[in-house]
Amino acid sequence: MENDKFLISHAPHIWGGFSTGKTMFVVVFALLFPTVAAIYFFGYYAIYIILISTATAVLSEFVIKKLRKKRFIMDGSAIVTGLLLALTLPPRIPLWMVVVGAFFSIAIVKEAFGGLGYNIFNPALAGRAFLSVCFPKEMTSWIIPPHFNYDAITGATPLSDSFTYHADKFSLYKDLFFGNRGGSLGETSVMLILIGAAILLLLRIIDWKIPVLYIGVVALGSFLMGKDVLFQVMAGGLMIGAFFMATDYVTSPVTWKGRIIFAVGLGILTILLRNFSNMPEGVCFSILIMNAFVPLIDKYVRIKPFGFVRKKKNA
Amino acid sequence: MNIVIKKKRAFKGLYLPENKITAKKPIEMLPVPDKVVIPLQQNIGAPCEFIVERGDTVKTGQKIADSQNYVSAPIHASISGKVTRIIKVVNPVTSTMMDSVIIESDGEDSWIELKKLFDIKKPNDFSGLKKIIDSIDGKEIIKKIREAGIVGLGGATFPTHVKLNPPQDKKIDTLILNGCECEPFITSDHRVMLEHGREVLMGLYIISKVLLLPKNIYIAIEENKEDAIIHLGKLVEEMGLGSIFKIIELESRYPMGAEKTLIRTITGRTVPMGGLPMDVGVIMNNIATSKSVYEAVIEGRPMIDRIVTVTGAIENPKNLLVRLGTTIDRLIDNCGKTENGVNYLIIGGPMMGISIVNTDFPVTKGMNCLLVRKSRVPFEQNCINCGRCVNICPMKLMPLAYVRYVKKGDFEVCREYYIENCIECGCCSYVCPANIPIVGYIKTGKNQLLKVVD
């Protein structure tokens, strides 16, 4: 034997190889479907927003890793954050605000807490919340899809009170499903979001429990309150929020029990915010609020191990 | 009646690349070495003490170490020759030093006198053999097993005579012979089943007799060893044991061969936390153990050799019959050149094996595989809380919590998450996207907790 000394490492000595990087790139791929919808409905300006957001996110992460003297790993998480942030922004937001939002997402929400895995809040959503607090006017100016016509007409999103657009229900549902409506860049086309989500579900990247229960609770709540269930489910950011943001690994619980609690909490909060607050939409803030509960849920909600026997008190 | 029962999907686990490249290679005998290193701790429980001294001449099979402790098995000389030195060898499992004895061969390999009761090669006289077995008292059998130094050869090395002597209040109704061999690469049990099927079955018969014929006797084999299932099925029929032995064909899924998961899959019973299989009326034995039991009881042969699969990035992977105490470099030399860039040497399979630093280490009783590997050095990233480890864990634990708290040093918190329940199968590390050596953290946590208790 030519080399006499061997390396020591812990078992197992083989690895599945489904790394964080691979996971993130699958998520990016799935997100490309809503991205296509954004570009199709809101024109080339959407491309600027998406590219600038993603580039700012990756660059901020790179700079901050260097400043903290940590190794920069291109695991794609910054791309996911940048892309998700872009997809939650209104279609005509000034580009410098995109830069501010993406920088805030990465620098403050993610890296200040210790980087990937340590952030409490979903970076993209926290970035969006930051922007909507700082620039309320720009963050709520919506347009009707102009189809590559830059001079678009401003219009209301379906969930706002001033929304009057459709003559009959069927064409309303059709527009909601295919995405021909006002709203944030990526949230409009339910169909393409579902295609992206199907990829994530089939590859077992995300757990079906969170989106299904979340949407289910919102549907049930809307039904009980006498609202139009299909409309409530498809309008607003519920679809993209449930499939792409609530399922974020870092900011959702790990056990199946915890995930059920998380998803039900999300649904209840969304119903409350949509109906009893002065905001038209509640998905972003419900996810952020439930994110704050995740450490607590993970601490107290545990699963019973194999062969569990309750310990006797005096033992 | 049908001997082979087809069914039994695993309730949890991984589908691993099997890499059983030596499955078709017959067992070869490694030439008797001119020197062996025999450590005194080769079983779980108490280590042995020497009963020979430096300068003594010993014969092959002669007992050289024993212990007064009940949970311990004696150790025998695996070659004949002279005891030249007593040294310390690092135990790779615990990283502690253990006393070892070096025997230098006289080149004759002269055995102690063996009292052979039956020759298995004799064609089809199984009723005669069964009569011989039936005539031996159960206590006598257990004594013979102890004297032969037999331990569980699946890797745990628990003394077999202790296992076969359960306390009176435990009613054993199921005996399982574990032929799963679910780890990738390893084929030693597979070859034993194919080439020593008779010994294995008669060993099982002996064990079942000691346990007063439990109601269910199963031989559990994964479906990737189709030839072994067919071969053993034929033998069972031939030997007229079809009415008591059943072969169960199981899904090939890791960790099928782990004691608790196998019992759950076959019987549906759940071994309670911190409990033993005998708590749910089950006793499980390994294929190679069963063969050794036969050799000990019928041929009077102590445990001085075992079958080791030498595999991985090596020119000529083999299943070798090796004398215990042979140093690893001989095994590697016998199997040809290793590939360029080999950086790991692993005792055991790739999922649970232990990496060792150099080739001076001897073959011990619990070693079923020597894996030469060329692989990337793991690079640990941050945990992203994905929960894959929680989903895959066959013991339904929360492995990510151990990583978090062991890093912090809160070992007591690990106990609240039932760290003792971990069987260290390695599924969590295998699926971890951040490539965290979770099992390493768990072992650290367990060791620290043991120290705290001590």
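Keep in mind it's a predicted model, so treat the numbers as computed, not measured.

### Description of the sheet that holds strand β15 (residues 318-323) of chain B
Picture the strands of a sheet paired through backbone hydrogen bonds; they go either parallel or antiparallel.
All names here are of chain B.
Right, on to step 1. If you walk across this open sheet you meet the six strands as β2-β15-β14-β18-β16-β17, and the pairing is mixed. Each of the sheet's edge strands pairs with one partner strand only, and the pair in question is β2 (27-29) and β17 (354-355).
Right, on to step 2. As paired elements, strand β16 (residues 344-347) and β17 share two bridges and run antiparallel to each other. Residue pairing across strands places isoleucine 346 opposite serine 355, the latter belonging to β17.
Right, on to step 3. The sheet contacts of helix α4 (residues 188-195) involve β2, β14 (305-312), β15 and β18 (369-373), and relative to β14 the element is tilted by about 125°.

### Brief notes about the nonpolar core
All names here are of chain B.
Right, on to step 1. The biggest cluster of nonpolar side chains holds 140 residues, and the ones touching the most others in it are Ala220, Val308, Leu331, Tyr402 and Ile438.
Right, on to step 2. When residues of this core are assigned to domains, at least three map to each of domain 1 (4-23 + 116-299) and domain 2 (388-453).
Right, on to step 3. When neighbours within four sequence positions are excluded, valine 308 is seen to be in contact with Ser188, Leu320, Val322, Leu331, Val363, Met367, Asn368, Cys369 and Leu370.

### Some remarks on the pairing of strand β9 (residues 97-105) of chain B
Residue and element names in this part refer to chain B.
Right, on to step 1. The sheet contact formed by strand β3 (residues 35-39) and β9 spans five bridges and is antiparallel. In the sheet register, valine 37 faces β9, and the bridge partner there is isoleucine 102.
Right, on to step 2. The pairing of strand β8 (residues 81-90) with β9 spans nine bridges and is classified as antiparallel. Counterpart to lysine 82 in the pairing with β9 is glutamate 104.

### Quick notes on the packing of helix α5 (residues 123-134) of chain A against helix α13 (residues 283-300) of chain A
Residues and elements named next belong to chain A.
Right, on to step 1. As a packed pair, α5 and α13 sit with axes 10 Å apart at the nearest point and diverge in direction by 125°. With respect to α13, the axis of α5 lies oblique. Considering the relative orientation of α5 and α13, their crossing is left-handed. Contacts between α5 and α13 involve Leu125, Ala126, Arg128 and Ala129 from the first element and Cys284, Phe285, Ile287 and Leu288 from the second.
Right, on to step 2. Residues of the contact of α5 with α13, tallied by class, amount to seven nonpolar, no polar and one charged.

### Focus: the domain arrangement of chain B
Residue and element names in this part refer to chain B.
Right, on to step 1. Split by domain assignment, chain B resolves into domain 1 (4-23 + 116-299) and domain 2 (388-453).
Right, on to step 2. The C-alpha centroid of domain 2 is placed 30 Å from the C-alpha centroid of domain 1.
Right, on to step 3. Taken residue by residue, the interface counts nine residues in domain 1 and nine residues in domain 2.
Right, on to step 4. Residues that form the side of domain 1 that touches domain 2 fall into these classes: four nonpolar, three polar and two charged.

### Things to note about the confidence of the model for chain B
Low pLDDT marks stretches whose predicted atomic positions should not be read closely.
Residues and elements named next belong to chain B.
Right, on to step 1. Taken over all residues, the pLDDT of chain B has a mean of 87, while the share at 70 or more is 97%.
Right, on to step 2. Of all the helices and strands in chain B, strand β1 (residues 4-6) carries the lowest mean pLDDT, 74, while helix α13 (residues 427-431) carries the highest, 93.
Right, on to step 3. Model confidence for the complex: the whole-complex pTM is 0.89, and ipTM, which rates the interface, is 0.87.

### Focus: the environment of Ala246(A)
Residues and elements named next belong to chain A.
Right, on to step 1. Its location among the elements puts alanine 246 in the loop between α11 (238-245) and α12 (256-276).
Right, on to step 2. Sequence separation of alanine 246 and leucine 125 is 121 residues, and the distance between their C-alpha atoms is 9.9 Å.
Right, on to step 3. Discounting chain neighbours no more than four positions away, the residues touching alanine 246 are Ile210, Pro211, Tyr214, Gly241, Ser252, Leu266 and Ile287.

### Section: the sheet that holds strand β7 (residues 75-76) of chain B
All names here are of chain B.
Right, on to step 1. Pairing within the open sheet is antiparallel, and its three strands lie in the order β4-β6-β7. Each having just a single partner strand, β4 (49-50) and β7 make up the two edges of the open sheet.
Right, on to step 2. When β4 meets strand β6 (residues 63-66), the two strands line up antiparallel, connected through two bridges. From the neighbouring strand, glutamate 49 faces β6, where its bridge partner is aspartate 66.

Conventions and cut-offs
Residues numbered from 1 in each chain as written. Chains lettered and ligands numbered in written order. Predicted model: local features only at pLDDT ≥ 70, side-chain atom pairs only at ≥ 80, totals over all residues. Pairing = 2+ DSSP bridges. Helix = DSSP H or I, 4+ residues; strand = E, 2+ residues; numbered from the N terminus. Contact = placed C-beta atoms within 7 Å. Axes fitted to C-alpha atoms, helices over the stretch in contact; angles between N-to-C directions. Core = buried A, V, L, I, M, F, W, Y, C linked by C-beta atoms within 7 Å. Buried ≥ 20, exposed ≤ 12 C-beta atoms within 10 Å, placed from the backbone. Domains from an automatic or database assignment. Parallel < 35°, antiparallel > 145°, perpendicular 65-115°, else oblique. Left-handed = near helix turned anticlockwise from the far one by under 90°. Nonpolar A, V, L, I, M, F, W, Y, C, P; charged D, E, K, R; others polar. pLDDT = per-residue confidence, 0-100.

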